[in-house]
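This is what each chain is made of:
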Amino acid sequence: LLALLCAATLFAFDRIHATHQRLLLPLFGALAGLAFLTKATAVLLVVALPILVFLALEHELRALRDRGVMASCALALAIGLSWYIAILALVPGAFESLWLDLVRPLGSAQSGAGASMHFRPVWWYLAILPSRAAPASLLLPLVVWRLVSTRLYRGEPRLRFAALTFLVPLIAFSLLPQKQKHYTLVMLPGFALVSAEAARAFSPRGKAWLARCVGSPLALAGIAA
């Protein structure tokens, strides 16, 4: 549910940015709010941070001052905070528990029986991503080649945004002390898109390269025969 709602929210943003369909702003706000209800602050790293990085790279942060955008963000905030308001009103001791979670650094250790056992090194996601994203992970070298050669898809905003929806959560979650495998799910849609683009871009060169690789041994075998 987390991956589905985050991907839907990012897709709505892509459509709004690419087509300027302002009628989609309420849908974006509703999806963002529902995504926040699934995993709270983790959604900030999956949805909010990639969008902010993208707007900064495209020099479009001024769009955040648009009234329609602010209204959609207010809708997302209202939906996302509704659960907190409900438990504060209905559950005894909820304020103390929420306050402790708020002031505790993100990804820090927890004491007691429910202490987290998910502390991993910074490179942990790079070690598990190949198996989690198989078979698309076989294209990872091509993805890296395309990201470098295109300077993160400079001049191609939609591809740049797709790449950021994969890269930003990967970097953000890698920097947190606690890591869990299910967070790779939120990275896969963006990775799938850039993998497909990398394969498409490589195919003309790849055919020529494969022809040379296959043709040379066959030619040598013909000469030997």
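Residues numbered from 1 in each chain as written. Predicted model: local features only at pLDDT ≥ 70, side-chain atom pairs only at ≥ 80, totals over all residues. Heavy atoms only, no water.

Asks: Is there a simple way to think about the environment of Ala136 in this case?
Replies: The topology assignment puts Ala136 in the loop between α6 (124-132) and α7 (140-149). Judged by its relative accessible area of 28%, Ala136 is partly exposed. As for Ala136 and Leu188, which are separated by 52 residues in sequence, their C-alpha atoms are 9.4 Å apart. Non-local contacts of Ala136, meaning those with residues more than four positions away in its chain, are made with Phe191 and Ser195. (Helix = DSSP H or I, 4+ residues; strand = E, 2+ residues; numbered from the N terminus. Buried < 20%, exposed > 50% of the residue type's maximum accessible area, 1.4 Å probe, protein only. Contact = heavy atoms within 4.5 Å.)

Asks: For this particular structure, what's the right way to read unusual backbone geometry?
Replies: Peptide bonds are, in most cases, trans, and in most cases residues other than glycine have a negative phi. Here the residue pair Ala134 and Pro135 is connected by a cis peptide bond, since its omega of 5° sits within 30 degrees of zero. Looking at the secondary structure, you find Pro135 in the loop between α6 and α7. You will see that Arg151, though not glycine, has its phi angle at about 55°, which is positive. Within the secondary structure, Arg151 sits in the loop between α7 and α8 (157-175).

Asks: What's the story with the packing of aromatic side chains in this structure? I'm lost.
Replies: Two descriptors summarise a pair of aromatic rings, namely the distance from one centre to the other and the angle between the planes of the rings. In the structure shown here, the tally under the stated rule is 10 aromatic pairs. Judged by centre distance (5.0 Å) and plane angle (50°), the ring pair of Phe166 and Phe191 falls under tilted. Of this pair, Phe166 sits in helix α8 while Phe191 is found in helix α9 (residues 188-224), placing the two residues 25 residues apart along the sequence. The pair formed by Phe166 and Phe191 is uniform in burial state, with each residue classed as buried. Ring geometry for Phe173 against Tyr183: centres 4.4 Å apart, planes inclined by 15°, an arrangement best described as stacked. Taken as a pair, Phe173 in helix α8 and Tyr183 in the loop between α8 and α9 lie far apart in primary sequence, 10 residues in all. With a relative accessible area of 10%, Tyr183 lands in the buried category. Here the aromatic cluster, defined as three or more aromatic residues joined through ring pairs, consists of Phe13, Phe28, Phe54 and Phe161. The aromatic ring of Trp145 is capped on one face by Arg146, whose charged end is 5.6 Å from the ring centroid. (Phe/Tyr/Trp six-rings, centres within 6.5 Å; stacked < 30°, edge-to-face > 60°. Lys NZ or Arg CZ within 6 Å of the ring centre and 35° of its normal.)

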